[in-house]
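Structural description and commentary
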Amino acid sequence: YKTHAHSAGIFQQPVVVYLSQNSDGNYFANNSIHARDYTGTNYYDDVMGVYLEDYTEDNEFRNNIIDTISYGYGGSAGLRYGFYTEGTSVTATIDYNKTPLDNYGVTMGTGNLELSALPKFKNPMPYAFDYTLQSTSVCVDTGDPDAAYNDPDGTLSDMGAYGGPNTLDFIE
């Protein structure tokens, strides 16, 4: 699937992608997940890009950008999780994704960029909705090196919604 997911504002459950129990066999490739609590009113403090509930199996995440930040409830910054689970029966392949430093309860696979550095979207919300990457982004040409994932110009895949063989076009 090729999707572009973003979220901002007041969160009751601050999660963008939530896989509930027995959500098995899903494939997420080249997505841009932008989870932000700009208001500082998120009671739970923490923001999660992907939450995997216990007993979710055989899900795959490849070439995604998961960008999360929380200003926290009452002004204290919450934690930023790319992937999060408290389950003990969760299996997932997580390769070539850009996430924040914190991922909880999951085994990160090959080629992931677990960095505090921002992905450098050109003009994301709340200002606009341009999630294409700046040329200096750490996510340019760092996706899965298998030729099946290359960008249309033949270069290595960029991570995010505007990378890979089925690149989206940004329309202003």
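Check the entry above for the structure.
Here we summarise the structure given alongside this text. (Residues numbered from 1 in each chain as written. Predicted model: local features only at pLDDT ≥ 70, side-chain atom pairs only at ≥ 80, totals over all residues. Heavy atoms only, no water.)

1. Quick notes on the sheet that holds strand S3 (residues 27–29)
As a reminder of what qualifies: Any two strands between which DSSP finds at least two bridges are classified as paired. The way it works is that DSSP assigns letters per residue, a run of H or I at least four long becomes a helix, a run of E at least two long becomes a strand, and they are numbered from the N terminus. Orientation is described by lines fitted to C-alpha atoms, with helices fitted over the stretch in contact, and by angles between N-to-C directions that extend from 0 to 180 degrees.
An order of S3-S6-S9 is seen for the 3 strands of this open sheet, with the pairing classed as parallel. With partners counted over all chains shown, the strands left at the sheet margins are S3 and strand S9 (92–95), one partner each. Here the average twist between neighbouring strands, direction ignored, is 5 degrees. Sheet topology note: the S3/strand S6 (residues 59–62) ladder contains 3 bridges and is parallel. Pairing of alanine 29 across the sheet is with arginine 62, part of S6.

2. Re unusual backbone geometry
Condition: Only protein chains enter the area calculation, which uses a 1.4 Å probe; residues under 20% of their type maximum are buried, those over 50% are exposed, and those in between are partly exposed.
You will see that aspartate 58, though not glycine, has its phi angle at about 60 degrees, which is positive. Phi is positive for aspartate 141, close to 60 degrees, though the residue is something other than glycine. The topology assignment puts aspartate 141 in the segment after strand S14 (130–133). Residue aspartate 141 is classed as partly exposed on the basis of its relative accessible area of 34%.

3. Concerning the packing of aromatic side chains
Condition: To pair, rings of Phe, Tyr and Trp, with the six-membered ring standing in for Trp, must have centres within 6.5 Å; the planes then decide the type, stacked if under 30 degrees apart, edge-to-face if over 60, and tilted in the middle.
Applying the stated rule across the entire model yields 8 aromatic pairs. Between phenylalanine 28 and phenylalanine 61, the aromatic rings sit 4.9 Å apart at their centres with planes inclined by 5 degrees, giving stacked as the arrangement. Taken together, the positions of phenylalanine 28 in strand S3 and phenylalanine 61 in strand S6 put the pair 33 residues apart, joining distant regions of the chain. Take phenylalanine 28 and phenylalanine 61: they sit in the same class, and that class is buried. Both rings, one in phenylalanine 121 and one in tyrosine 131, keep their centres 4.9 Å apart while their planes meet at 70 degrees; by these two values the pair is edge-to-face. Of this pair, phenylalanine 121 sits in strand S13 (residues 121–123) while tyrosine 131 is found in strand S14, placing the two residues 10 residues apart along the sequence. You can call phenylalanine 121 buried: its relative accessible area is 6%. We classify tyrosine 131 as buried; its relative accessible area is 1%. Three or more aromatic residues joined by ring pairs make a cluster, and in this case those are Tyr18, Tyr51, Tyr81, Tyr84 and Tyr104.

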